[in-house]
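Residue-level structure breakdown
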Amino acid sequence: MRFTSLLLCISAALAELINITEPRSDPLGIDVSSHQGTVDWKSWKSKGVAFAYIKATEGTTYTNPDFSAQYTGATNAGLIRGSYHFAHPDSSTGAAQASYFVKHGGGWSADGITLPGALDIEYNPSGSECYGLSASSMVSWIKDFSNQYYSSTARYPVIYTTTDWWKSCTGNSASFASTNPLWIAHPGSSIGTLPAGWSYTTFWQYGTSDNTEVDKFNGDFGGLKRMALGS
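Before going into details, it helps to say that this report is about the structure given with it.

1. Re the overall build of the chain
Across its full length, the chain carries 7 helices and 9 strands. Taken over 231 residues, the chain has a buried fraction of 49%. If you take every contact in the chain between residues at least 6 apart in sequence, the share linking residues at least 24 apart comes to 64%. Counting every atom, the chain has about 10200 Å² of accessible surface; 52% of that belongs to carbon and sulfur.

Written out as structure tokens, the structure is:
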């Protein structure tokens, strides 16, 4: 059942990315990391992709070895792009990780092509689901990261998560909806239930194509551009 659902998600994603050359009301994007290595950005652009998020860092010890090439490649292809940080709330403070992120590719400037940095806060890949933190401690950690990022860039970070993880590990906190744009991960044909407080998601990771996760921006290209400008 899970395999069938995955195939359906991949098929839907591929269908959306074929022969799309006109501007869309819901611009398409991709997110990449070192797992993708060398990315054919011109090919993605020809399929209708307008933006990308590129992994920059994890914790305070890891930087994506392909970040510079991927980020430059997306820029040269004419994409609006931003970077993201994979959180390790069990290893250091939110502020320390936000500072590390900003110093290693996670900054923002009002140039019209740079999206605010994103905090990837989700399932622990190598331990307890919530990194050993209580819901209140997790909320405090995310606030620490968010506030430090804002202090450094004058933008609040986008929060990437799943509704399931958010409910389990923050107690379904509604504390961030008024400041932080939401990027929800929910493969399929519909977004599903959102975490508390957010009435809509800004980005939606909805499937996979060519071993790459694909996303949509909730709006038109003008709105995506305004987000990059900070207006």
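2. Remarks on the state of the cysteines
Here the structure, examined in full by the defined rule, presents 1 disulfide. Across the disulfide from Cys 130 sits Cys 169; the S-S distance is 1.9 Å. Between Cys 130 and Cys 169, the S-S dihedral sits near -75°, and the bridge is therefore left-handed. Here the residue Cys 130 occupies a position in the loop between strand E5 (118-120) and helix H5 (135-153), and Cys 169 occupies one in helix H6 (residues 163-170), the gap between them amounting to 39 residues.

3. Thoughts on the environment of Ala 95
Within the element layout of this structure, Ala 95 appears in helix H4 (residues 94-106). Residues Ala 95 and Trp 141 lie 46 residues apart in sequence; the distance between their C-alpha atoms is 8.2 Å. Setting aside residues up to four positions removed in sequence, Ala 95 forms contacts with Asp 144, Phe 145 and Gln 148.

4. A look at the packing of H4 against H5
Contact geometry of H4 with H5 gives a least axis separation of 7 Å together with a crossing angle of 40°. Taken together, the axes of H4 and H5 lie oblique to each other. When the axes of H4 and H5 are compared, the crossing they make is right-handed. Facing Gly 94, Ala 95, Gln 97, Ala 98, Ser 99, Phe 101, Val 102 and Gly 106 of H4, the residues of H5 in contact are Trp 141, Asp 144, Phe 145, Gln 148, Tyr 149, Ser 152 and Thr 153. Partitioning the contact of H4 with H5 into residue classes produces 7 nonpolar, 7 polar and 1 charged.

5. Overview of the nonpolar core
Grouped together as the largest cluster of nonpolar side chains are 42 residues, with contacts concentrated most on Ile 30, Trp 41, Ile 121, Ile 142 and Trp 166. Here Ile 30 is in contact with Trp 41, Trp 44, Val 49, Phe 51, Ala 52, Tyr 53, Thr 212, Glu 213, Val 214 and Asp 215, once residues within four sequence places are set aside. Leu 115, Ala 118, Trp 183 and Ala 228 belong to the second largest nonpolar core, which has 16 residues in total.

6. Considerations on the side chain of Ser 173
One can find Ser 173 in the loop between H6 and strand E7 (182-185). Ser 173 sits in the buried class, given a relative accessible area of 9%. Other than its neighbours up to four places away in sequence, Ser 173 contacts Val 139, Trp 166 and Ala 196.

7. What about the pattern of salt bridges?
Tallied over the entire structure, the rule returns 3 salt bridges. Here Asp 26 ties to Lys 216 by a salt bridge, and the two come within 3.7 Å at their closest N and O atoms. With Asp 26 in the loop between helix H1 (2-17) and strand E1 (28-32) and Lys 216 in strand E9 (residues 212-217), this pair connects stretches of sequence that are 190 residues apart. Residue Lys 47 is joined to Asp 210 by a salt bridge in which the shortest nitrogen-to-oxygen separation is 3.0 Å. Of this pair, Lys 47 sits in the loop between helix H2 (41-46) and strand E2 (49-58) while Asp 210 sits in the loop between strand E8 (203-209) and E9; the two residues are 163 residues apart in sequence, bridging distant segments of the chain. By relative accessible area, Asp 210 is classed as partly exposed at 48%.

8. Concerning the side chain of Thr 201
Counting through the fold element by element, Thr 201 comes out in the loop between E7 and E8. A polar atom in the side chain of Thr 201 sits 3.4 Å from the backbone nitrogen of Ile 184. A polar contact of 2.6 Å, which involves the side chain of Thr 201, links it to the backbone oxygen of Phe 203. Once you skip the residues sitting within four places of it in the chain, Thr 201 turns out to touch Leu 182, Trp 183, Ile 184, Ile 191, Leu 194 and Asn 218.

Cut-offs applied
- Each chain carries its own residue numbering, running from 1 in the written order of its sequence.
- It should be noted that, the model being predicted, local features are given only for residues of pLDDT at least 70 and side-chain atom pairs only at 80 or more, the latter also being counted only at that level, while totals for whole chains, interfaces and linings use all residues.
- Calculation of side-chain values draws on the structure's entire complement of heavy atoms; hydrogens and water are dropped beforehand.
- Where helices and strands are cited, they refer to DSSP runs of H or I of at least four residues and of E of at least two residues respectively, numbered from the N terminus.
- Only protein chains enter the area calculation, which uses a 1.4 Å probe; residues under 20% of their type maximum are buried, those over 50% are exposed, and those in between are partly exposed.
- It only takes one pair of heavy atoms within 4.5 Å for two residues to be counted as in contact.
- Areas reported here follow the Shrake-Rupley algorithm with a probe of radius 1.4 Å; residue values treat only the protein chains shown as occluding.
- We call a pair of cysteine sulfur atoms a disulfide when they lie within 2.5 Å.
- Simply put, an axis is a line fit to the C-alpha atoms, just over the touching stretch for a helix, and the angle between two N-to-C directions goes from 0 to 180 degrees.
- Throughout this description, any angle smaller than 35 degrees is read as roughly parallel, any larger than 145 degrees as roughly antiparallel, any in the 65 to 115 degree range as roughly perpendicular, and the remainder as oblique.
- The crossing is said to be left-handed when, going from far helix to near helix, the turn is anticlockwise and less than a right angle, and right-handed when the turn is clockwise.
- For this classification, the nonpolar set comprises Ala, Val, Leu, Ile, Met, Phe, Trp, Tyr, Cys and Pro, the charged set comprises Asp, Glu, Lys and Arg, and every other residue, Gly included, is treated as polar.
- Note on terminology: a nonpolar core comprises buried Ala, Val, Leu, Ile, Met, Phe, Trp, Tyr and Cys residues joined through side-chain atoms within 4.5 Å.
- Criterion for a salt bridge: a side-chain nitrogen of Lys or Arg within 4 Å of a carboxyl oxygen of Asp or Glu.
- What qualifies as a polar contact is a pair of N or O atoms within 3.5 Å, subject to a donor-acceptor requirement within protein and to the restriction that residues adjacent in sequence count only when both atoms come from side chains.

In short, shape yes, function no, at least from these values alone.
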